[in-house]
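# Report on the structure
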2 protein chains.
Amino acid sequence: MHHPARTLVNVTARPIPEASVARLPVYLRALVDMAERGSEMVSSEALATAAGVNPPKVRKDLSYLGSYGVRGVGYDVQYLIHQISRELGLTQDWATCIVGIGNLGQALANYGGFAERGFRIAALLDSDDAKVGQVIAGIEIAAFDDVERIVKEHEISIAVLAVPAAVAQDVTDRLVAAGITSVLNFAPAVLSVPDGVSLRKVDLSIELQILSFYEQRKVAEESVRRGTARRRLESVDPTR
Amino acid sequence: MHHPARTLVNVTARPIPEASVARLPVYLRALVDMAERGSEMVSSEALATAAGVNPPKVRKDLSYLGSYGVRGVGYDVQYLIHQISRELGLTQDWATCIVGIGNLGQALANYGGFAERGFRIAALLDSDDAKVGQVIAGIEIAAFDDVERIVKEHEISIAVLAVPAAVAQDVTDRLVAAGITSVLNFAPAVLSVPDGVSLRKVDLSIELQILSFYEQRKVAEESVRRGTARRRLESVDPTR
DNA sequence: CCCTGTGAAGAAATTCACAGCT
DNA sequence: AGCTGTGAATTTCTTCACAGGG
C-alpha cells in the first residue's frame, strides 16, 4: 500500500463537496466504534451500513480524500480514521466558547460531546451579572463584555451560540468583531455573517415542524387508504 | 384575491421537494415576526432576506403550496402563515415525549421551543428509577417501561430522543413498537427505523466537526496567501 | 474473484429569465 | 410598472456500472 505524498491540507485540489464533508464525521464515528471493537479492515459495504448510507456513496466520499482503500480488500480502519481526522482538522484542538449560559448553554457545557474530538471549551460567556463568576462544568462564567479579550487570549475560533433569538444577531456581530470565524447557532433566528465566517445552525423547532409535515402526510395517506380514494397497489418489499 | 378550493392535504399532488419542506419552517418564523411587527404584505425579496435565502427560491418553494401570491403586489402575510402552517400540519397539535431526562433532556423539557407551535410535551420518560417521579417543567417523569401504555394513552406520535448513544437503537425499537412514528434523535448514533417512521437527527459534535473542516481550510488558505504553505510532505504512516 | 475508484448517467435542487396577471 | 409563477438551463448530488489492481 503506497500513497502519494500530500501536503498538509489540499487547499488547492478539487474541493470536497459540502454534502460529502457533512458525512465524514459520521464515517469517522462509525470507524472509531469499529476500531474499539477490534476491526482492522472494513469494506465500503460495512461502513455504509454502519453510517446509514449506501456503499457507492461511501466510496465516492472517501475518494475525494485520496485513494486510501485497497482493491479487493477494503479500507484499513486505523488509517482511515487518521485520514478523515486530518481532513476534518481534528488533529489539532480547537478552542471554543459557549455564549449564553441558560438551560441549553449549561446542558451543552456539561455535555461530553465537546471533548470527544478535540473541541476544548475555553470559555463560557454570559451578559447576566448574576451568572458571571458561577462555575459550570469546571469553568467559570465570564462577562460577555470581555469577549474581545477572552477570544484573543484563548485564541478561540469557534463560538456556540445559545442566547435568546432576539439578541442573537447582535451577539454574533460582536463575536465576529472579536475574531470568531465559526458559529454554531442554537438560537431560533436567521443570522448573517460576513464572508469568511462559517455558520451552521441547530434548530429544534424547525426539526419538529419538518417531522410534523411528514407525520401529517402519513395520517392523510392512511385515510386515503381507508377508502376515500382508489386502491393503491403496494408492491411487496421482500427485504422487510 | 380568490384561491382555488383545495383538499385538506394534497397527498396525491406532486410532492414538495424535501429541501423545500425544510425551508418552510424558516419562512413561517420570518412571517410570524413580520406579522407581529404589523406587516400585512410581503414580497419574495423581503421574505428571502428575512429567511436568509434568495428570492427565486422563495417563490419556487411557495409555488409548491399553490398560487398564494398576487402578481405585482406580493404575499398576504397572514394568509401565507395560515397556508404554511396547514401544510406543515401545525394547525393540529402533536403530542410528543422526551426520552432520556439527563442534562440535555431536562434542557429540552424546559426549552420554550416546543409549545411555540403546537408541540405538546405529553410525557417525560426515563429508565432510571431515581428520576421517575421527579417533576421537570411541570411534568412528572414516568418510567420508560410504561412506554407502550403512555404512548397509547396520550396518542403520542413524536419522540425526542436524548438517551446515551449506546442504548439509542434499543430505545428506538421499543418506541416504534409502542407506536411512535417520528423520532428526533439527539443521540450521537446512527439509528435505523422501519419504513413509515420518520427520523431526523441533531448532532452537536458532527456540526462542530464540519465547522472544523472549513476552519482548517481558512487557516490553510491563509498560510498559502502568506507563502508559508506547500511545505511538509507528510510521510504516511498507516498505523498513525 | 473481490472490492475499490471513478467516469458517465441520472436525479434533485437551484437559479435564471421572462411570460402573465394585477 | 411591479412582482409572482414557472418552464428551461444550470449546478450539485447521487447512483450506476464497470474498469483496474490486489
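Computed from a predicted structure; not experimentally measured. (Residues numbered from 1 in each chain as written. Chains lettered and ligands numbered in written order. Predicted model: local features only at pLDDT ≥ 70, side-chain atom pairs only at ≥ 80, totals over all residues. Heavy atoms only, no water.)

Each helix and strand in chain A was counted, giving eight helices and 10 strands. Looking at chain A residue by residue over its 240 residues, the buried ones come to 49%. Counting only contacts in chain A whose residues sit at least 6 apart along the sequence, the fraction spanning at least 24 positions is 57%. When the accessible surface of chain A is summed, it comes to about 11800 Å², and 50% of that surface belongs to carbon and sulfur atoms. (Helix = DSSP H or I, 4+ residues; strand = E, 2+ residues; numbered from the N terminus. Buried < 20%, exposed > 50% of the residue type's maximum accessible area, 1.4 Å probe, protein only. Contact = heavy atoms within 4.5 Å. Areas by Shrake-Rupley, 256 points an atom, 1.4 Å probe, with all protein chains shown as cover.)

What follows concerns the protein's contact with DNA strand C. Around DNA strand C, a shell composed of 24 residues is seen, among which Ser44(A), Gly69(A), Tyr75(A), Arg23(B) and Asn54(B) lie nearest. Counting only the atoms of DNA strand C within 4 Å of the protein, the fraction contributed by sugar and phosphate is 66%. With respect to DNA strand C, the side chain of Lys60(A) contributes an N or O atom lying 3.3 Å from a base nitrogen. Within the side chain of Arg59(B), an N or O atom sits 3.4 Å from a base nitrogen of DNA strand C. Going through the elements one at a time, helix H3 (55-65), strand E2 (69-70) and strand E3 (74-76) of chain A together with helix H1 (18-36) and helix H3 (55-63) of chain B are the ones with two or more residues in the surface near DNA strand C. Its residues assigned to classes, the surface near DNA strand C shows seven nonpolar, eight polar and nine charged. (Near = heavy atom within 4 Å. Polar contact = N/O pair within 3.5 Å; in protein donor to acceptor, adjacent residues only side chain to side chain. Nonpolar A, V, L, I, M, F, W, Y, C, P; charged D, E, K, R; others polar.)

So, on to the sheet that holds strand E7 (residues 139-143) of chain B. All names here are of chain B. What the seven strands build is an open sheet, ordered E6-E7-E5-E4-E8-E9-E10; its pairing is mixed. The sheet is open, and its two borders are formed by strand E6 (135-136) and strand E10 (198-201), each paired with just one other strand. The pairing of strand E4 (residues 94-99) with strand E5 (residues 119-126) spans six bridges and is parallel. Across the sheet, the residue bridging to Ala-95 is Arg-120, located in E5. With respect to the sheet, helix H6 (residues 147-154) is in contact with E4, E5 and E7, its orientation differing from that of E5 by roughly 170°. (Pairing = 2+ DSSP bridges. Axes fitted to C-alpha atoms, helices over the stretch in contact; angles between N-to-C directions.)

Let us look at the sheet that holds strand E3 (residues 74-76) of chain B. All names here are of chain B. Strand order in the open sheet made by the three strands is E1-E3-E2, with antiparallel pairing throughout. Lying at the two open borders of the sheet, with one neighbouring strand each, are strand E1 (41-42) and strand E2 (69-70). Looking at chain direction, E2 and E3 are connected through two bridges and run antiparallel. Within E3, the residue paired with Val-70 across the bridge is Gly-74.

Before going further, it helps to examine a nonpolar patch on the surface. Residues and elements named next belong to chain A. A grouping of Met-41, Val-70 and Val-73 is seen on the molecular surface, where their side chains present a nonpolar patch of about 230 Å² in accessible area. Take Val-73: it is sitting in the loop between E2 and E3. Judged by relative accessible area, which is 52%, Val-73 ranks as exposed. (Patch = residues over 30% accessible without salt bridge, like charges linked within 9 Å, V, L, I, M, F, W, Y side chains within 5 Å. Salt bridge = Lys/Arg side-chain N within 4 Å of Asp/Glu carboxyl O.)

Right, let's talk about the interface of chain A and chain B for a bit. On the chain B side, the residues contacting the 82 residues of chain A number 81 residues. Summed over both partners, the interface of chain A with chain B comes to about 7400 Å²; 63% of that surface belongs to carbon and sulfur atoms. Measuring nitrogen to oxygen at the nearest pair gives 2.7 Å for the salt bridge that ties Asp203(A) to Arg29(B). Viewed at the interface, chain B and chain A are joined by 32 residue pairs in polar contact (both at pLDDT 80 or more). Per-element tally for the side of chain A that touches chain B: the top contributor is helix H8 (residues 204-228) of chain A, with 18 residues. In the side of chain A that touches chain B, the residues fall into 44 nonpolar, 21 polar and 17 charged. (Buried area = accessible area lost by both parts, 1.4 Å probe.)

Residues and elements named next belong to chain B. Following both chains from N to C, one finds H6 and helix H7 (residues 165-178) inclined at 45°, their axes separated by 9 Å at the closest point. Taken together, the axes of H6 and H7 are oblique relative to one another. Crossing of H6 against H7: the hand is right-handed. Contact with H6, carried on its side by Val-147, Glu-148, Val-151 and Lys-152, involves Arg-174, Leu-175 and Ala-178 of H7 and no other residues of that element. (Parallel < 35°, antiparallel > 145°, perpendicular 65-115°, else oblique. Left-handed = near helix turned anticlockwise from the far one by under 90°.)

By nearness alone, 25 residues border DNA strand D, and Arg23(A), Asn54(A), Ser44(B), Gly69(B) and Tyr75(B) come closest of all. With respect to DNA strand D, the backbone of Gly72(A) contributes an N or O atom lying 3.5 Å from a base nitrogen. Between Tyr75(B) and DNA strand D, the recorded distance is 2.7 Å, taken from a side-chain N or O atom to a phosphate oxygen. A per-class count over the surface near DNA strand D returns seven nonpolar, nine polar and nine charged.

The next thing to look at is the relation of the copies chain A and chain B. Rotating chain A by 180° and moving it 0.0 Å along the rotation axis overlays it on chain B with an RMSD of 0.1 Å. Here the copies are linked by what is in effect a two-fold axis. A high fraction, 88%, of the interface residues of chain A reappear at the interface in chain B, so the copies pair face to face through one surface. (Least-squares fit on C-alpha atoms with pLDDT ≥ 70 in both.)

Turning next to the packing of aromatic side chains. Given two aromatic rings, one states the distance between the centres and the angle between the planes to describe the pair. Residues and elements named next belong to chain A. In the structure shown here, the tally under the stated rule is four aromatic pairs over all chains. Taking the centre distance of 5.4 Å and the plane angle of 85° together, the rings of Tyr-68 and Tyr-79 count as edge-to-face. Residue Tyr-68 is found in the loop between H3 and E2, and its partner Tyr-79 is found in helix H4 (residues 77-88); the two are separated by 11 residues along the sequence. Judged by its relative accessible area of 5%, Tyr-68 is buried. (Phe/Tyr/Trp six-rings, centres within 6.5 Å; stacked < 30°, edge-to-face > 60°.)

Let us now look at the pairing of strand E8 (residues 158-161) of chain A. Residue and element names in this part refer to chain A. Residues Ile-158 and Val-160 line one face of E8 and the alternating positions Ala-159 and Leu-161 line the opposite face, and both faces are buried. Both strand E4 (residues 94-99) and E8 contribute to a ladder of four bridges, which runs parallel. Along E8, the bridge assignment pairs Cys-97 with Ala-159. Of the pairings in the sheet, the one linking E8 to strand E9 (residues 182-185) comprises four bridges and is parallel in character. Of the residues in E9, the one forming a bridge with Ile-158 is Ser-182. In this region the chain leaves E8, passes through helix H7 (residues 165-178) and returns to the parallel neighbour E9; the handedness of that crossover is right-handed. (Right-handed = clockwise from strand over helix to strand, strands pointing away.)

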